[in-house]
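Secondary and tertiary structure notes
These are the residues of each chain, in order.
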Amino acid sequence: MKTLRNHPYLTLLFFTLFLYLAGNQLLAITDTAESNYALTAKEMVLSGDWISPRIYGCFWYDKPIFYYWELALSFTLFGFNEMAARLPAALFGSASVLFTYWFARRTYGEKTGWLSAIILGTSVECWILSKAVITDSTLFLFMSGAVAFFYLGYTENRKYYFLCYLFAALATLTKGPIGILLPGLACLLFLLYKKDLKEMAHVHLLSGLVLFILIAGAWYGTMCYLHGKDFLLNFIGVHNVLRATVSEHPSHNKWYFYLMIYFIGFAPWSFFIPFSLFRRWKERKLDLRSADDMTQLLVIYAFVIFLFFQLVATKYTTYTFPALFSLSILTARLYRDYDFRIEKAGLALGVVYTVLTVAAAPSIMLSRSGKEIGEALARMDTSNKTIAFLHDYRTSAVFYSGKTIYRAEPGDKIASMEPGTLSWNAKNVMPFVAEEKLLDNPDALLITSKNSSAPFLIAYNKEDLASRINVPGKYTLWLR
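The rules we used
- Residues numbered from 1 in each chain as written.
- Predicted model: local features only at pLDDT ≥ 70, side-chain atom pairs only at ≥ 80, totals over all residues.
- Heavy atoms only, no water.
- Disulfide = S-S within 2.5 Å.
- Pairing = 2+ DSSP bridges.
- Helix = DSSP H or I, 4+ residues; strand = E, 2+ residues; numbered from the N terminus.
- Phe/Tyr/Trp six-rings, centres within 6.5 Å; stacked < 30°, edge-to-face > 60°.
- Axes fitted to C-alpha atoms, helices over the stretch in contact; angles between N-to-C directions.
- Salt bridge = Lys/Arg side-chain N within 4 Å of Asp/Glu carboxyl O.
- Buried < 20%, exposed > 50% of the residue type's maximum accessible area, 1.4 Å probe, protein only.
- Expected span 1.5 Å × (residues − 1).
- Bend = angle between axes of the 7 residues up to and from the residue.

**Brief notes about the state of the cysteines**
Evaluation of the coordinates by the stated rule reveals zero disulfides. No disulfide involves Cys164; its sulfur sits 5.3 Å from the nearest other cysteine sulfur, which is in Cys187.

As structure tokens, then:
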């Protein structure tokens, strides 16, 4: 360990890249989140349009552009495959660990920096999201950078405030308004807590906002110019306002949801903290007022993230991930006298995660993907065929097959499911086809789950006229 500590950046880089890249080629693109990102980036590359994200040939306003650029660049360099799809998250996950080490070392010293990096890099959520085809590892780095450079601007050199605005702009290009809202709110509450609002006169507010607008506003302004009301309705209205006020996942709306996510996502480190905090509280050593500025800012930042998303109507497992920047550094401070144990635990976790990636994750992720049916379709001559999913639509099948796949629904139901209003129908941008039309179409190719007994399938296979094509996995093809 002493040898590894003598080369911390190289050690952490090698460890995290190995951990986050190992076995990625075995992990199928899952539905629905990963497949939406992967297919959008694939269409971006194929269309040559790197400004307006699109999916199924339709403009798509679910997320801003930055992560799509990462994916599209990776696909351009390495092809449309799982390793390329998971590469950006791995690179940004590693960068996040290195950045946490750099910042914690700068503010608290070598030992705290080293332990912070190990704790963050081996937490369950960081490991998972650094292998996932979603925005969160990128957002984590940029939001953490915004908070970190605010602190350095406050305590060292006010020129660092410009880097705060830069990282906030990149976070806003990655996930939307929360990229500046949450770091900005945390920093403002910190100044209020310190009774130091006069510092607002020195944060380069005007020039910093100009820098922010030049970076983030360039894409947002272009999208408003190109797509106008459609972009504002969907990106601002649906994916920000509606998400905050109407739950997209009502089953997650439990008061303990993010408490549960904390214990699972920050495991194994999360399970040791409550007892240690309780013990310090009994010893009267747990007083935020007497803590240093960095601890106060980190606590406020974590609190803002958890409280904000607790108040937002839509609950999602990854929303509070940025708080792990604070939690990792604070945990390292709490256990800085147990460095050898944490190092050994980090190595052991790395081995466990690698074994899980190779032995367990591939089958689990394949069960949540349409990869098998997509690859089967890619090998078939489906010229002039109308391919349709009957229930359980899989965007990943479109990614793997490269073919148009319709979503079959009753004809009188389709109109009420199509996008165009301030509702969650905005996600239904895949092509639809009425089930009734498939009954009269001799060239229909129907995809169903195995052993499906849907009434439409019975009608489609009336008198056993349809040929059943068995495909590995959970789906069956029907052809007449």
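Having seen the model, we can carry on.
**A few points about the pairing of strand β7 (residues 467-470)**
Two elements, β7 and strand β8 (residues 475-479), share four bridges in a ladder whose sense is antiparallel. Across the sheet, Ile469 pairs through a bridge with Leu477, a residue of β8.

**Digging into unusual backbone geometry**
Across the junction of Asp31 and Thr32, the peptide omega takes the value 5°, indicating a cis bond. Looking at where Thr32 falls in the secondary structure, it is placed in the loop between α2 (8-21) and α3 (33-47). The omega torsion across Ala267 and Pro268 is 0°, close enough to zero to call that bond cis. The backbone of Asn384 sits at a positive phi, close to 65°, despite the residue not being glycine.

**Details of the packing of aromatic side chains**
Inspection of the entire model under this criterion finds 45 aromatic pairs. Between Phe231 and Phe235, the aromatic rings sit 5.4 Å apart at their centres with planes inclined by 5°, giving stacked as the arrangement. Of this pair, Phe231 and Phe235 are both found in helix α11 (residues 205-245), four residues apart, which corresponds to roughly one turn of the helix. Considering the side-chain rings of Phe308 and Phe309, the 5.1 Å spacing of their centres and the 85° angle between planes classify their relative orientation as edge-to-face.

**Focus on the sheet that holds strand β6 (residues 444-449)**
Ordered by their spatial adjacency, six strands build an open sheet running β5-β4-β3-β6-β8-β7, and the pairing between neighbours is mixed. Looking at which strands have only one partner, the edges of the open sheet turn out to be β5 (432-434) and β7. Ignoring strand direction, the axes of neighbouring strands in this sheet form an average angle of 35°.

**Observations concerning the pattern of salt bridges**
Within the structure shown, the criterion is met by 19 salt bridges. Here Arg106 ties to Glu156 by a salt bridge, and the two come within 2.7 Å at their closest N and O atoms. One end of the pair, Arg106, is in helix α5 (residues 82-108); the other, Glu156, is in the loop between α8 (136-155) and α9 (160-175), and 50 residues separate them in sequence. Note on Arg106: relative accessible area 35%, which makes it partly exposed. Note that Lys413 and Glu409 form a salt bridge whose closest N and O atoms lie 3.7 Å from each other. For Lys413, a relative accessible area of 40% puts it in the partly exposed group. Look at Glu409 and you get buried, because its relative accessible area is 7%. Overlapping salt bridges bring together Asp62, Lys63, Arg243, Glu248 and Lys427 as one network.

**Notes on α11**
In this model, α11 (41 residues) spans only 30 Å end to end at C-alpha, well below the 60 Å of a helix rising 1.5 Å per residue. Approximately 120° is the largest bend angle found in α11, and it occurs at His227.

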